[in-house]
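So the chains spell out like this:
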Amino acid sequence: MYNKLLNCLDCVRRRTDFVPKVALVLGSGLGDYAETLKVEYELPYGEIEGFPVSTVPGHAGKFIFGYVDEVPVACMKGRVHYYEGYPISDVVLPVRLMKLMGAEILFLTNAAGGVNTSFHGGDLMMIKDHISVFAPNPLIGPNIDALGTRFPDMSNVYDKQLQALIVKTAKENDIFLQEGVYAQLTGPSFESPAEIRMLRMLGCDAVGMSTVAEAIAANHMGMRICGISCICNLAAGMTATPLSHKEVQEAADTAAPRFKKLVTETVRAMGK
Ligand code: HPA
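Quick look at the structure, then. This one's a predicted model, so the numbers in the text were calculated from it and none came from an experiment.

All right, on to a nonpolar patch on the surface then. A cluster of nonpolar side chains, contributed by Val 133, Phe 134, Met 198, Met 201 and Leu 202, occupies part of the molecular surface with about 520 Å² of accessible area. Mapped onto the fold, Met 198 is located in helix α5 (residues 193–201). Met 198 sits in the partly exposed class, given a relative accessible area of 31%.

This part covers the packing of helix α1 (residues 2–13) against helix α3 (residues 93–101). Helix packing geometry: the angle between the two helix axes and the distance between the axes. As a packed pair, α1 and α3 sit with axes 10 Å apart at the nearest point and diverge in direction by 55°. With respect to their mutual orientation, α1 and α3 come out oblique. For the pair α1 and α3, the crossing hand works out as right-handed. Every residue of α3 that contacts α1 at Lys 4, Leu 5, Leu 6, Cys 8, Leu 9, Val 12 and Arg 13 is listed here: Leu 93, Arg 96, Leu 97, Leu 100 and Met 101.

With that settled, consider the site of the ligand. The environment of the ligand is made up of Ala 111, Ala 112, Gly 113, Phe 190, Glu 191, Val 207, Gly 208, Met 209, Asn 233, Leu 243 and Val 248. Ala 111 places a polar main-chain atom, nitrogen or oxygen, 3.4 Å from a nitrogen atom of the ligand. Bound to the protein, the ligand loses 95% of the 260 Å² it would expose on its own. Of all the secondary structure elements, the ones that give two or more residues to the shell around the ligand are β5 (105–114) and β8 (206–208). No other element matches β5, which puts three residues into the shell around the ligand.

Bringing the state of the cysteines into the picture now. Under the criterion given, the structure shown has zero disulfides. Among the cysteines around Cys 8, which has no disulfide bond, Cys 11 carries the closest sulfur, lying 6.7 Å off. Considering cysteine sulfurs only, Cys 232 is the nearest to Cys 204, which forms no disulfide, with 17 Å between them.

Going from Gly 187 to Pro 188, the amide bond is cis rather than trans, its omega being 0°. Following the sequence through the fold, Pro 188 ends up in the loop between β7 (177–184) and α5. Its identity as a non-glycine residue notwithstanding, Asp 69 has a phi of 55°, on the positive side. Within the element layout of this structure, Asp 69 appears in the loop between β3 (62–68) and β4 (71–77).

Right, let's talk about the pattern of salt bridges for a bit. The tally for this structure, following the rule as stated, stands at 14 salt bridges. Residues Lys 246 and Glu 250 are paired through a salt bridge, measuring 3.1 Å at the closest nitrogen-oxygen approach. Here Glu 250 and Lys 246 lie together in helix α7 (residues 245–270), a separation of four residues that amounts to about one turn. Linking Lys 261 and Glu 265 is a salt bridge whose minimum nitrogen-to-oxygen distance equals 3.6 Å. In this pair, Lys 261 and Glu 265 are both assigned in helix α7, four residues apart and thus about one turn of the helix distant. Since its relative accessible area comes to 18%, Glu 265 is described here as buried.

Now for the nonpolar core. Of all hydrophobic cores here, the largest spans 44 residues; its most connected members are Phe 63, Met 98, Leu 106 and Ile 225. With near-sequence residues (within four places) excluded, Met 98 lies in contact with Pro 20, Ala 23, Val 25, Phe 63, Ala 74, Met 76 and Ala 103. Listed in part, the 36 residues of the second largest apolar core include Leu 162, Cys 232, Ala 255 and Phe 259.

This paragraph deals with the environment of Asn 156. Tracing the backbone shows Asn 156 in the loop between β6 (124–131) and α4 (160–172). Among the polar contacts made by the side chain of Asn 156, one reaches the side chain of Lys 160 at a distance of 2.8 Å.

On to the side chain of Asn 143, then. Within the secondary structure, Asn 143 sits in the loop between β6 and α4. Of note is the side chain of Asn 143, whose polar atom sits 3.0 Å from the side chain of His 220. Discounting chain neighbours no more than four positions away, the residues touching Asn 143 are Gly 148, Thr 149, Arg 150 and His 220.

Calculation criteria
Residues numbered from 1 in each chain as written. Predicted model: local features only at pLDDT ≥ 70, side-chain atom pairs only at ≥ 80, totals over all residues. Heavy atoms only, no water. Patch = residues over 30% accessible without salt bridge, like charges linked within 9 Å, V, L, I, M, F, W, Y side chains within 5 Å. Areas by Shrake-Rupley, 256 points an atom, 1.4 Å probe, with all protein chains shown as cover. Salt bridge = Lys/Arg side-chain N within 4 Å of Asp/Glu carboxyl O. Helix = DSSP H or I, 4+ residues; strand = E, 2+ residues; numbered from the N terminus. Buried < 20%, exposed > 50% of the residue type's maximum accessible area, 1.4 Å probe, protein only. Axes fitted to C-alpha atoms, helices over the stretch in contact; angles between N-to-C directions. Parallel < 35°, antiparallel > 145°, perpendicular 65-115°, else oblique. Left-handed = near helix turned anticlockwise from the far one by under 90°. Contact = heavy atoms within 4.5 Å. Near = heavy atom within 4 Å. Polar contact = N/O pair within 3.5 Å; in protein donor to acceptor, adjacent residues only side chain to side chain. Disulfide = S-S within 2.5 Å. Core = buried A, V, L, I, M, F, W, Y, C linked by side-chain atoms within 4.5 Å.

Next up, the structure:
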């Protein structure tokens, strides 16, 4: 695994010497975010030997290296999901790669279902903590000592200062922001109503099929992490309508302008 990672790094370094400060993973709805970047270099995932390439419509993947103001950002347009059949170690490879390129901060975004009954479709939620026990842990297997310790502490995965920065940025820009706990399930099926009731009892506010494994791997490597979910729909059983990928994408598109503004202004503030 470590060799594969180093090979990918080698592949990237043969193409660009770009050193990001922030690694930004774009979830559904933020797909065209890169248009707001001052682009330095684009690298399709398919051109990186051994790199996992997504099969989901709307997730076609490439790295976009560029600047938000003066802040160098490695942007992932599209991520791979565990439900596509990749080993979980492949799912977190891109995040590990961006850390090895020099990124100190990991900014995770995603589309999620709202579990908290006070949420509405289109809300943005800052991730304060997560529940990972319903998806495989990306650190299972021999520990890669060069990346981090065998038993990493998980008490403060989502950096308190970055959380404060997101809250402040949202306030200054008049963007309504929920806060809560995100749970990653494997998907690809959406949850059942009984599963959503269970998650609510466990203290989850939002549910999705990504992000947590990436946060665990990044925390293992000592990155500072923050995350925002776009609550695209209320989760199963909370409304009369069945869930569909189309609905999720449409809601993400509607929230996109606010989402982009919050991400841009937060990244800008990270450079200060
Ligand atoms: N469940 C899981 N993942 C999701 C959902 C959901 O309701 N909406 C968007 N991603």
